[in-house]
Amino acid sequence: QVQLVESGGGLVQPGGSLRLSCLTSGSIFSSHVMGWYRQAPGKERELVATITSRSNTDYADSVKGRFTISRDNAKNTVYLQMNSLKPEDTAVYYCNARRLWLGVFNNYWGQGTQVTVSS
């Protein structure tokens, strides 16, 4: 039922910027906490940022001050603006929708988009 369609990944130089987009269905967008996660080779998937339906946000320490998560309710889209990119930001980035339902957290994931930061 959940559809998460990502776009915006690519290759950028250190210090550059990139904006990721995640298009969702309206029903999911309004009832789930949206977020971005990333997974680098050999590492576990880690939280990057989250945003609630009320636009409360949270960020990983490693991206605070550089990344900004936002949402467009009219377009059912969540964005991740990434500035001052570093090679350590290289990873597959996943859009996530999360909701507590009947005592269980349901997680839905996008297909992932590759972000590569290199000279």
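Whatever comes next refers back to the structure up there.
Thresholds, definitions, all that
Residues numbered from 1 in each chain as written. Predicted model: local features only at pLDDT ≥ 70, side-chain atom pairs only at ≥ 80, totals over all residues. Heavy atoms only, no water. Pairing = 2+ DSSP bridges. Helix = DSSP H or I, 4+ residues; strand = E, 2+ residues; numbered from the N terminus. Axes fitted to C-alpha atoms, helices over the stretch in contact; angles between N-to-C directions. Core = buried A, V, L, I, M, F, W, Y, C linked by side-chain atoms within 4.5 Å. Buried < 20%, exposed > 50% of the residue type's maximum accessible area, 1.4 Å probe, protein only. Contact = heavy atoms within 4.5 Å. Salt bridge = Lys/Arg side-chain N within 4 Å of Asp/Glu carboxyl O. Disulfide = S-S within 2.5 Å.

K.L.:
Which parts of the structure should I look at to understand the sheet that holds strand 7 (residues 67-72)?
P.N.:
Think of a sheet as strands paired side by side through backbone hydrogen bonds, with each pair either parallel or antiparallel. Strand order in the open sheet formed by 4 strands is 1-3-8-7, with antiparallel pairing between adjacent strands. In this open sheet, the two edge strands, each paired with only one partner strand, are strand 1 (5-7) and strand 7. Taking the axes of each pair of neighbouring strands and ignoring which way they run, one obtains an average angle of 15 degrees across the sheet. Pairing between strand 1 and strand 3 (residues 18-23): 3 bridges, direction antiparallel. Residue pairing in the sheet places Ser-7 in a bridge with Ser-21 of strand 3.

K.L.:
How should the nonpolar core be read in this particular structure?
P.N.:
Nonpolar side chains tend toward joint burial in soluble globular proteins. In terms of nonpolar packing, the biggest core is built from 28 residues, with Trp-36, Val-78, Leu-80, Met-82 and Tyr-93 touching the most fellow members. When residues of this core are traced back to their parent elements, those giving at least two are strand 3, helix 1 (26-31), strand 4 (33-39), strand 5 (46-51), strand 7, strand 8 (77-82), strand 9 (91-101) and strand 11 (113-117). Of the residues forming this core, the biggest block, 4 residues, is contributed by strand 9. When sequence neighbours within four positions are dropped, the list of residues in contact with Val-78 reads Leu-20, Ser-21, Cys-22, Phe-29, Met-34, Trp-36, Ile-51, Ile-69, Ser-70, Arg-71 and Cys-95.

K.L.:
Is there a simple way to think about the pattern of salt bridges in this case?
P.N.:
Close approach of charged atoms lets side chains of opposite charge pair. As enumerated under the stated definition, the model contains 4 salt bridges in all. The closest approach of N and O atoms between Asp-61 and Lys-64, which form a salt bridge, is 3.1 Å. Residue Arg-66 pairs with Asp-89 through a salt bridge whose shortest N-O separation is 2.7 Å. Of this pair, Arg-66 sits in the loop between strand 6 (57-59) and strand 7 while Asp-89 sits in the loop between strand 8 and strand 9, and the two are 23 residues apart along the sequence. You'll find Arg-66 and Asp-89 in the same group, each marked buried. Here the salt bridges share partners, and the residues they tie into one network are Arg-38, Glu-46, Arg-66 and Asp-89.

K.L.:
Honestly, the pairing of strand 9 in this entry has me stumped. Any pointers?
P.N.:
Each regular strand displays side chains that alternate between the two surfaces of the sheet. Alignment of strand 4 against strand 9, held across 7 bridges, turns out to be antiparallel. Directly across from Arg-38, in strand 9, lies its bridge partner Tyr-93. When strand 9 meets strand 11, the two strands line up antiparallel, connected through 3 bridges. Residue pairing across strands places Tyr-93 opposite Thr-113, the latter belonging to strand 11. Across 6 bridges, strand 9 lies against strand 10 (residues 104-109) in antiparallel orientation. In the strand pairing of strand 10, Arg-99 is matched with Asn-106. The turn joining strand 9 and strand 10, which pair antiparallel and follow one another in sequence, is formed by 2 residues; a positive phi near 50 degrees is taken by Leu-102.

K.L.:
For this particular structure, what's the right way to read the side chain of Thr-50?
P.N.:
Along the chain, Thr-50 falls in strand 5. Given the relative accessible area of 16%, Thr-50 is considered buried. If we skip the residues at most four places from it in the chain, Thr-50 touches Val-33, Met-34, Gly-35, Asn-56, Thr-57, Asp-58 and Ile-69.

K.L.:
It is not clear to me how the state of the cysteines should be interpreted in this structure. Could you clarify?
P.N.:
Disulfide: a covalent bond connecting the sulfur atoms of a pair of cysteines. Per the counting criterion, the structure on display carries 1 disulfide. Paired through a disulfide, Cys-22 and Cys-95 show a sulfur-sulfur distance of 2.0 Å. Its S-S torsion of about -85 degrees marks the bond between Cys-22 and Cys-95 as left-handed, since a negative value means left-handed. Here the residue Cys-22 occupies a position in strand 3, and Cys-95 occupies one in strand 9, the gap between them amounting to 73 residues. With respect to class, Cys-22 is no different from Cys-95; both count as buried.

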